[in-house]
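Listed here are the chains, written in short residue letters.
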Amino acid sequence: MENVAVANAGIEKSGKSLTTLIYALYAASLLVGITAVVAIVMNYLKKSDVAGTFLESHFRWQIRTFWFGLLWVSPCLLFLVLTLGVGILIVGLPLAAVG
């Protein structure tokens, strides 16, 4: 029974380190976006390792946050492209007529 407790403690410690690393990758994605993709892949690959521990809720939160963030960034980028396009069109038409 003692061996099981020691094994669980080792899994929990490595799980904490992994969870911290994934949080760091998500934080780094504010500067370098590709790290979020690395983090989500790690979340899905290691999700079974933390199943049944308190870290499972952290993984679930990280995964949901990634997908909700992507859900909201996509329409914002579309809006940005459309408004910039209209702005360039409005400025460009009078300049084209003059030139």
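What counts as what
- Residues numbered from 1 in each chain as written.
- Predicted model: local features only at pLDDT ≥ 70, side-chain atom pairs only at ≥ 80, totals over all residues.
- Heavy atoms only, no water.
- Helix = DSSP H or I, 4+ residues; strand = E, 2+ residues; numbered from the N terminus.
- Buried < 20%, exposed > 50% of the residue type's maximum accessible area, 1.4 Å probe, protein only.
- Patch = residues over 30% accessible without salt bridge, like charges linked within 9 Å, V, L, I, M, F, W, Y side chains within 5 Å.
- Areas by Shrake-Rupley, 256 points an atom, 1.4 Å probe, with all protein chains shown as cover.
- Salt bridge = Lys/Arg side-chain N within 4 Å of Asp/Glu carboxyl O.
- Core = buried A, V, L, I, M, F, W, Y, C linked by side-chain atoms within 4.5 Å.
- Contact = heavy atoms within 4.5 Å.
- Axes fitted to C-alpha atoms, helices over the stretch in contact; angles between N-to-C directions.
- Parallel < 35°, antiparallel > 145°, perpendicular 65-115°, else oblique.
- Left-handed = near helix turned anticlockwise from the far one by under 90°.
- Expected span 1.5 Å × (residues − 1).
- Arc of directions from axis to C-beta.

Asker: Just to check I follow, could you spell out the overall build of the protein for this structure?
Answerer: Scanning the protein from N- to C-terminus turns up three helices and zero strands. For the protein, the proportion of its 99 residues judged to be buried stands at 19%.

Asker: Before we go on, may I ask you to explain a nonpolar patch on the surface in this structure?
Answerer: Together, Leu30, Leu31, Val32, Ile34, Val37, Val38, Val41 and Leu45 line one region of the surface with nonpolar side chains, adding up to about 840 Å² of accessible area. Among the secondary structure elements, Val38 is positioned in helix H2 (residues 34-46). On the basis of relative accessibility, which here comes to 40%, the residue Val38 falls in the partly exposed class.

Asker: I would appreciate a short explanation of the nonpolar core in the present structure.
Answerer: A general tendency of soluble globular proteins is for nonpolar side chains to be buried together. Counting 13 residues, the largest nonpolar core has Ile22 and Tyr26 as the members making the most contacts within it. When contributions to this core are tallied by element, the ones reaching two or more residues are helix H1 (2-28), H2 and helix H3 (55-98). The contacts of Ile22, once residues within four sequence positions are left out, are Ala39, Met42, Asn43, Phe59 and Gln62.

Asker: Explain the packing of H2 against H3 here, please?
Answerer: For any two helices packed against each other, one specifies the crossing angle of their axes together with the interaxial distance. Running from N to C, H2 and H3 cross one another at 140 degrees; their axes reach a closest spacing of 10 Å. Relative to H3, the element H2 lies oblique. As for the relative orientation of H2 and H3, their crossing is left-handed in sense. Residues Ala36, Ile40, Met42, Asn43, Tyr44 and Lys46 of H2 form the contact with H3, whose participating residues are Phe59, Gln62, Ile63, Phe66 and Trp67.

Asker: When you look at the environment of Thr65 in this model, what are you seeing that I'm missing?
Answerer: By secondary structure assignment, the location of Thr65 is in helix H3. Judged by its relative accessible area of 36%, Thr65 falls in the partly exposed class. Measuring from C-alpha to C-alpha, the distance between Thr65 and Ile40 comes to 9.9 Å, with 25 residues separating the pair along the chain.

Asker: Help me out: how do you make sense of the pattern of salt bridges in this one?
Answerer: Pairing of side chains with opposite charge becomes possible as their charged atoms draw close. Summed over all chains, the structure comprises one salt bridge. Across the pair Asp49 and Lys46 runs a salt bridge whose closest N-O atoms are separated by 3.8 Å. The class for Asp49 is partly exposed, based on a relative accessible area of 43%.

Asker: Help me understand H2 in this model?
Answerer: Each turn of an α-helix holds 3.6 residues, which means side chains three or four residues apart point in the same direction. Counted at 1.5 Å a residue, the expected span for H2 with its 13 residues is 18 Å, and the 19 Å between its end C-alpha atoms agrees. Taken residue by residue, H2 has Thr35, Ala36, Ala39, Ile40, Met42 and Asn43 as its buried positions. Along H2, the residues classed as buried sweep out an arc of 160 degrees about the axis, all on the same side. Away from the buried face of H2 by more than 90 degrees, exposed residues Ile34 and Leu45 are located.

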